[in-house]
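Structural overview for review
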Amino acid sequence: MLVEPGQGTGKDDLVNMAYEPFVKLTFPAPYTSPNTGRVSVGFLAGRWDTASYLFNKTGGGNPKKKGGAALPVVPTLPYSSKAGAPERAVAQHLKDANTNPAITKPTNPRKAVPGFDLKHTLHRLQHDGSRVKANRRAAIATCVQYWGPDYATSVPGVPRECDEYPFASTYEGAAQRKFDQTKPADNFSARPLPKADNGAGGTILKIFMDRNRILDGFSSGDDVDAYIVSIS
């Protein structure tokens, strides 16, 4: 399916569509069909976008073929906490944030981070770079507060980075309260992690976003896209 660019809404040129194919069956003799007319074989909701940060943003040189289609489902981002997994430390951090938030920082006895069930999903933050930076600043400030300004180098031989969850690239990130006063404060987790694990986790997240055509999560206040995380 192709939708010519410029017919959608918002920065991602989003088009919501419905597809209902019909078929007409002709049975070979001596069989007869109970229905001699056209029959619907199902109904499929879908969407089309020409987001500049996703695959096929140029259409291979043909502007009329740029963009892509996706189904309106909530995909699951998989992380592994098993021995040998390159993102293991990231997965364990997220698992702690979900199942044992009392041991995570910042301290918040009412912490309940989203992203692990369909009622509390995550949403990609792409178009507001200043908000992404605000999320990162809030997370780094937490790492400095609890592990000291030298948290990145305090473990000999293990360079570290400040990992945050929800991700800085989500509307639910560490600075969410700054942008939406209806949201709870300190409802995130930050932790210094080995740089290698943090990088692997970031790579998995990027690939997941690209393959599932995850769009900027909100457009004019409407929930456009969402995803959840699964830890094995």
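Everything below is about the structure shown above.
Structure report, in brief.

Parameters and conventions
- Residues numbered from 1 in each chain as written.
- Predicted model: local features only at pLDDT ≥ 70, side-chain atom pairs only at ≥ 80, totals over all residues.
- Heavy atoms only, no water.
- Helix = DSSP H or I, 4+ residues; strand = E, 2+ residues; numbered from the N terminus.
- Expected span 1.5 Å × (residues − 1).
- Buried < 20%, exposed > 50% of the residue type's maximum accessible area, 1.4 Å probe, protein only.
- Contact = heavy atoms within 4.5 Å.
- Core = buried A, V, L, I, M, F, W, Y, C linked by side-chain atoms within 4.5 Å.
- Polar contact = N/O pair within 3.5 Å; in protein donor to acceptor, adjacent residues only side chain to side chain.
- Pairing = 2+ DSSP bridges.
- Axes fitted to C-alpha atoms, helices over the stretch in contact; angles between N-to-C directions.
- Phe/Tyr/Trp six-rings, centres within 6.5 Å; stacked < 30°, edge-to-face > 60°.
- Lys NZ or Arg CZ within 6 Å of the ring centre and 35° of its normal.
- Disulfide = S-S within 2.5 Å.

When the terminal C-alpha atoms of helix α4 (residues 195–211) are compared, their 24 Å separation across 17 residues agrees well with the 24 Å that a helix rising 1.5 Å per residue should span. Those residues of α4 lying buried are Asp197, Asn198, Ala200, Gly201, Leu205, Phe208 and Met209. Contact partners of the buried residues in α4: β6 (76–79), α1 (88–99), β7 (160–165) and β8 (189–194). The first or second residue beyond α4 is Arg213, which carries a positive phi of 45°.

Further remarks concern unusual backbone geometry. Across the junction of Lys105 and Pro106, the peptide omega takes the value 5°, indicating a cis bond. On the secondary structure map, Pro106 appears in the loop between α1 and α2 (129–147). The omega torsion across Tyr165 and Pro166 is -5°, close enough to zero to call that bond cis. On the secondary structure map, Pro166 appears in the loop between β7 and α3 (176–179).

With that settled, the discussion passes to the nonpolar core. By size, the foremost hydrophobic cluster in this structure holds 19 residues, and its most contacted members are Leu77, Tyr79, Leu94, Tyr165, Phe167, Tyr227 and Val229. With five residues, the top contributor of residues to this core is α1. Among all residues touching Tyr79, those that are not within four sequence positions of it are Glu87, Val90, Ala91, Leu94, Phe167, Gly201, Ile204, Leu205, Val229, Ser230, Ile231 and Ser232. In terms of nonpolar packing, the next biggest core, distinct from the first, is built from seven residues, Ala139, Tyr151, Ala174 and Phe188 among them.

Another point: the side chain of Asn108. By secondary structure assignment, the location of Asn108 is in the loop between α1 and α2. Judged by its relative accessible area of 16%, Asn108 is buried. Among the polar contacts listed, one links the side chain of Asn108 to the backbone nitrogen of Arg110, at a separation of 3.0 Å. Contacts of Asn108, omitting those with residues within four sequence positions, involve Ala185, Asp186 and Asn187.

We now examine the sheet that holds strand β1 (residues 15–19). With antiparallel pairing, three strands are arranged side by side in an open sheet as β1-β4-β5. Edge positions in the sheet fall to β1 and β5 (68–70), since each of these pairs with one other strand and no more. If you compare each strand with its neighbour and ignore which way they point, the axes differ by 35° on average. The sheet contact formed by strand β4 (residues 44–49) and β5 spans three bridges and is antiparallel. When the sheet's bridge partners are listed, Arg47 is paired in β5 with Ala70.

Under the criterion given, the structure shown has five aromatic pairs. Taking the centre distance of 5.4 Å and the plane angle of 45° together, the rings of Phe116 and Tyr165 count as tilted. Of the two residues, Phe116 sits in the loop between α1 and α2 while Tyr165 sits in strand β7, which places them 49 residues apart along the sequence. Over the ring of Phe22 we find Arg38, and its NZ or CZ is 4.5 Å from the ring centre.

What follows covers the environment of Gly6. Relative to the helices and strands, Gly6 resides in the segment before β1. When the C-alpha atoms of Gly6 and Asp49 are compared, they prove to be 9.6 Å apart, with 43 residues separating the residues in sequence.

Turning our attention to the state of the cysteines. Here the structure, examined in full by the defined rule, presents one disulfide. A sulfur-sulfur separation of 2.1 Å characterises the disulfide bridge that pairs Cys143 with Cys162. Its S-S torsion of approximately 85° makes the covalent link between Cys143 and Cys162 right-handed. Of this pair, Cys143 sits in helix α2 while Cys162 sits in strand β7, and the two are 19 residues apart along the sequence. Cys162 shares its class with Cys143; the two are buried.

It is worth spelling out α2 at this point. Counted at 1.5 Å a residue, the expected span for α2 with its 19 residues is 27 Å, and the 27 Å between its end C-alpha atoms agrees. Among all positions in α2, only Arg131, Val132, Ala134, Asn135, Ala139, Thr142 and Cys143 are buried. Elements that come into contact with the buried residues of α2 comprise β7, α3 and β8. Positive backbone phi, approximately 90°, marks Gly148, located one or two places after α2.

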